[in-house]
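Chain residues, written in single-letter form:
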Amino acid sequence: MSRAKTKKDAPDTVRLEHVTSIEEQFMKTADNIEIEAQTEEIISEIRDIISGKAKKPKKKTFRDVQVEHSDKARTIQLPAGMNSDQAREWLDKYDSHMNQTVSVERVINCFPLDGAVACWIALRKIFGFVQTKSVKGAGGSQPPPMVSVTVDHLGNQVQVPVGRIEIPGVDGYIDLSLGINLTYIISGTVSLRHQRVVELIARMTEKVLEENSLYRGKAIRVDLSWMREKKVMREEHNPVFIDTTDTNPADLILSGNVQEQIDVSVFSRITRPLEMMQHGINLGATVLLAGKYGTGKTMTGRVIAHICEQKGWTFIELLDVQDIAEAVRLASMFDSHKTDGRGVVLFAEDVDQATGGERDDRLNKILNTFSGVDRGKHGIITVLTTNHHERINPAMRRAGDRVDAMIYFDHPDRDAAMRFLPVYGGDAVSPQVYEDPQDLPEYLEGNSPAFLSELVKRAKIRAILRYGADIDGKIDVDLLREAASSLTAHRVWAEGDVEEVPTNWDTLYNQQAGLIAELVQKNVEKYMGSIL
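Residues numbered from 1 in each chain as written. Predicted model: local features only at pLDDT ≥ 70, side-chain atom pairs only at ≥ 80, totals over all residues. Heavy atoms only, no water.

A. Quick look at the overall build of the protein. The number of helices and strands found in the protein is 20 helices and 16 strands. Relative to its 532 residues, the protein shows a buried fraction of 45%. (Helix = DSSP H or I, 4+ residues; strand = E, 2+ residues; numbered from the N terminus. Buried < 20%, exposed > 50% of the residue type's maximum accessible area, 1.4 Å probe, protein only.)

B. Inspection of the side chain of S213 at higher detail. The topology assignment puts S213 in the loop between helix 5 (195–212) and strand 10 (219–222). Within the local environment of S213, its side chain forms a polar contact with the backbone nitrogen of Y215, the two atoms lying 3.2 Å apart. Looking at S213, its side chain comes within polar contact range of the main-chain nitrogen of R216, at 3.4 Å. If we ignore the near neighbours within four places in the chain, the residues touching S213 are D114, V208 and F334. (Polar contact = N/O pair within 3.5 Å; in protein donor to acceptor, adjacent residues only side chain to side chain. Contact = heavy atoms within 4.5 Å.)

C. Representation of the environment of E317 in the model. Examined against the element boundaries, E317 turns out to sit in strand 13 (residues 314–318). In sequence terms E317 and I220 are 97 residues apart; their C-alpha atoms lie 6.2 Å from each other. In this structure, E317 is in contact with I220, R221, V222, I242, R302, F347 and E349, ignoring residues within four places of it in sequence. A polar contact of 2.6 Å, which involves the side chain of E317, links it to the side chain of R302.

D. Looking closely at the packing of helix 4 (residues 112–127) against helix 5. Here helix 4 crosses helix 5 at 115 degrees, and the two axes come no closer than 8 Å. Considering the relative orientation of helix 4 and helix 5, their crossing is right-handed. Taken together, the residues of helix 5 that come into contact with helix 4 (itself represented by D114, G115, A118, C119, I121, A122, L123, K125, I126 and F127) are V197, I201, M204, T205, V208 and L209. Taken together, the residues that form the contact of helix 4 with helix 5 break down as twelve nonpolar, two polar and two charged. (Axes fitted to C-alpha atoms, helices over the stretch in contact; angles between N-to-C directions. Left-handed = near helix turned anticlockwise from the far one by under 90°. Nonpolar A, V, L, I, M, F, W, Y, C, P; charged D, E, K, R; others polar.)

E. The arrangement of the confidence of the model for the protein in detail. Scored by pLDDT, the protein has a mean of 78; 73% of the residues are at 70 or more. Per-element mean pLDDT across the protein ranges from 53 in helix 20 (residues 505–531) up to 97 in strand 13. The low-confidence segment residues 1–20, where pLDDT is below 50, has 15 contacts with residues more than four positions distant or belonging to other chains. Across residues 496–509, where pLDDT falls below 50, the model places ten contacts with residues more than four positions away in sequence or in other chains. (pLDDT = per-residue confidence, 0-100.)

F. Region of the structure containing the pairing of strand 14 (residues 344–348). The buried count for strand 14 comes to five of five residues, which makes it a mostly enclosed element. The alternating pattern of strand 14 places V344, L346 and A348 and V345 and F347 on opposite faces, both of which are buried. Here strand 13 pairs with strand 14 via four bridges, running parallel. Looking at the pairing, I316 lines up with L346 of strand 14. (Pairing = 2+ DSSP bridges.)

G. Structural view of the state of the cysteines. Considering all chains together, one arrives at zero disulfides under this definition. C119 provides the cysteine sulfur closest to C110, a residue in no disulfide bond, and the two sulfurs are 9.6 Å apart. The class for C110 is buried, based on a relative accessible area of 5%. According to the relative accessible area criterion, C119 is buried, its value standing at 0%. (Disulfide = S-S within 2.5 Å.)

H. How the structure looks around the pairing of strand 6 (residues 157–161). Relative to strand 6, strand 5 (residues 146–150) runs antiparallel, the two being bridged by five bridges. Residue pairing across strands places T150 opposite Q157, the latter belonging to strand 6. Counting the residues between successive antiparallel strands, the hairpin from strand 5 to strand 6 contains six residues, one of them, G155, with a positive phi of roughly 90 degrees.

I. Inspection of the pattern of salt bridges at higher detail. Counted according to the given criterion, the structure contains 14 salt bridges. Among the ionic pairs, E206 bridges to R106, the shortest N-O distance being 3.1 Å. Placement of E206 in helix 5 and of R106 in strand 1 (residues 101–109) is noted, with a sequence separation of 100 residues between them. The exposure class assigned to R106 is buried, which follows from its relative accessible area of 18%. In this structure, R302 and E317 form a salt bridge, with 2.6 Å as the shortest nitrogen-oxygen distance. One end of the pair, R302, is in helix 9 (residues 297–311); the other, E317, is in strand 13, with 15 residues separating them in the sequence. (Salt bridge = Lys/Arg side-chain N within 4 Å of Asp/Glu carboxyl O.)

J. Molecular detail of helix 4. Compared with the 22 Å implied by 1.5 Å per residue over 16 residues, the 22 Å span of helix 4 between its first and last C-alpha is a close match. By the criterion of burial, helix 4 is predominantly enclosed, with 16 of the 16 residues buried. Among the residues trailing helix 4, G128 stands out with phi positive, at a value near 85 degrees. (Expected span 1.5 Å × (residues − 1).)

K. A look at the packing of aromatic side chains. Following the criterion strictly, the structure yields five aromatic pairs and no others. On the basis of an interplanar angle of 80 degrees and a centroid distance of 6.3 Å, the ring pair of F111 and W226 is categorised as edge-to-face. Linking F111 in the loop between strand 1 and helix 4 with W226 in helix 6 (residues 225–228), this pair joins segments that are 115 residues apart in sequence. You'll find F111 and W226 in the same group, each marked buried. An aromatic cluster is present here, built from F111, Y215, W226 and F241 joined pairwise through their rings. Seen from the ring of Y173, R164 lies directly overhead, with NZ or CZ sitting 3.6 Å from the centre. Cation over ring: K474 sits above Y467, and NZ or CZ is 5.7 Å from the ring centre. (Phe/Tyr/Trp six-rings, centres within 6.5 Å; stacked < 30°, edge-to-face > 60°. Lys NZ or Arg CZ within 6 Å of the ring centre and 35° of its normal.)

L. The arrangement of helix 18 (residues 449–467) in detail. Compared with an ideal rise of 1.5 Å per residue, which puts 19 residues at 27 Å, helix 18 spans 26 Å between its outermost C-alpha atoms and is within 8% of the ideal. G468 occupies a position one or two residues after helix 18 and carries a positive phi of about 90 degrees.

M. Spatial organisation of unusual backbone geometry. Positive phi values are uncommon outside glycine, yet N181 reaches one of about 65 degrees. When you line up the elements, N181 lands in the loop between strand 8 (172–178) and strand 9 (183–191). Exposure remark for N181: the relative accessible area of 28% places this residue in the partly exposed category. A positive phi angle, close to 55 degrees, is found at D350, a residue other than glycine. Here D350 lies in the loop between strand 14 and helix 12 (352–355).

N. Quick peek at the side chain of T247. By the secondary structure assignment, T247 is in the loop between strand 11 (240–241) and helix 7 (256–271). Residue T247 is classed as buried on the basis of its relative accessible area of 14%. Contacts of T247, omitting those with residues within four sequence positions, involve R302, V303 and H306.

As structure tokens, then:
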């Protein structure tokens, strides 16, 4: 008695090679992706073509007679007037025609590695598995090429094929390749009867990209220099997934007016896109964050990335601002604000390095990119930073044309500076500091967040030297004043504002020596008490 074929007998249990547990898990997730009825129709049509059951439209003349296969048919039907000899002759010619080989190529617009993973998922869903082919070279056969693709912020990777593959039931071969610019290419040589299979694989790949792109809704850092240099993308150009899990928007402390401008120009568009569009406000905008080092511009970028992921937006940080033109093209591929209110944020630091100096071809390309971005058409928010806004070419700074808003990041005001203490100091800061802060503004107000962070760290060190490991509530006004004094002296000397540091180094040395002597004395007393 014949037994029913079980899942164990199915082709999808045949694996091409051993894979890591991470890759296995990723591919299982990919296999479980829910697909629409339209995608099921694509799979069904491919299988019908391979099995010879594909339906063709009926024609009335012998010359245009088509072959139709059906599971329900039990007779061979011939057109009126056609005898069996004519039918046999016609079928021979039909088979000869359909067996001739043709070259095929389908170019898919996408980030190449995104396309590679999507195509691999599509092939697995349709065929269960595919056979890669060895490549013959001068040194003999080489293993089929594979490319590693990073899939998360932990650096986990999966391997997908690039190069030549064979598909069960398909006459010929298919080549998969990472294209120049933002393309993925499916090409090859197959029989005419299987030409449509390649088209349907490409359509299935596009469906996976649309519904399950690796990068859509994620925060990534990209190197697009290969596009600028007109080269084919390589494995080392894998986007880096930015880990935003530990980013806390509450840690972004800005002066009141700066915070308000960020809320209006950036955060409001990400958090309330539908309301914005309802009232005729474009989601697209270009915002320039200018200010001195350490005033919170980079931290603002981290918080934007965090909010983007929370709201389903895509955040793209550029490794080199020179690639802004290429990045806008990439961003447009992930922009779906017209259907679901989810756009893209492009983030690039030190824009002055690419937009300073006289106008040349390089600068003109960047200027034309910003001039050509239709803010009403695209949901792309471009956020640029600079420490030297005066170096940016005036043509770039022109308000309302290429830059919608320029926000100047100054050092925190008094209220913002006070809010830094619990962020950096936690429970170590004495409650009395907040109750009676009149002595603190001269040490806190007007200094950068980086300065305030270092100030609290030095105050912690002094508290540890004086009190040991338990320093909860031990950082008082005096410790903050001592830390601020030494740090101010360090900064003045480092910035070279004066030839000599206006600080009594003997006093500072004596302060440190006194703290160390006090700690040593405590340890000696503790030791002597233990042996007496």
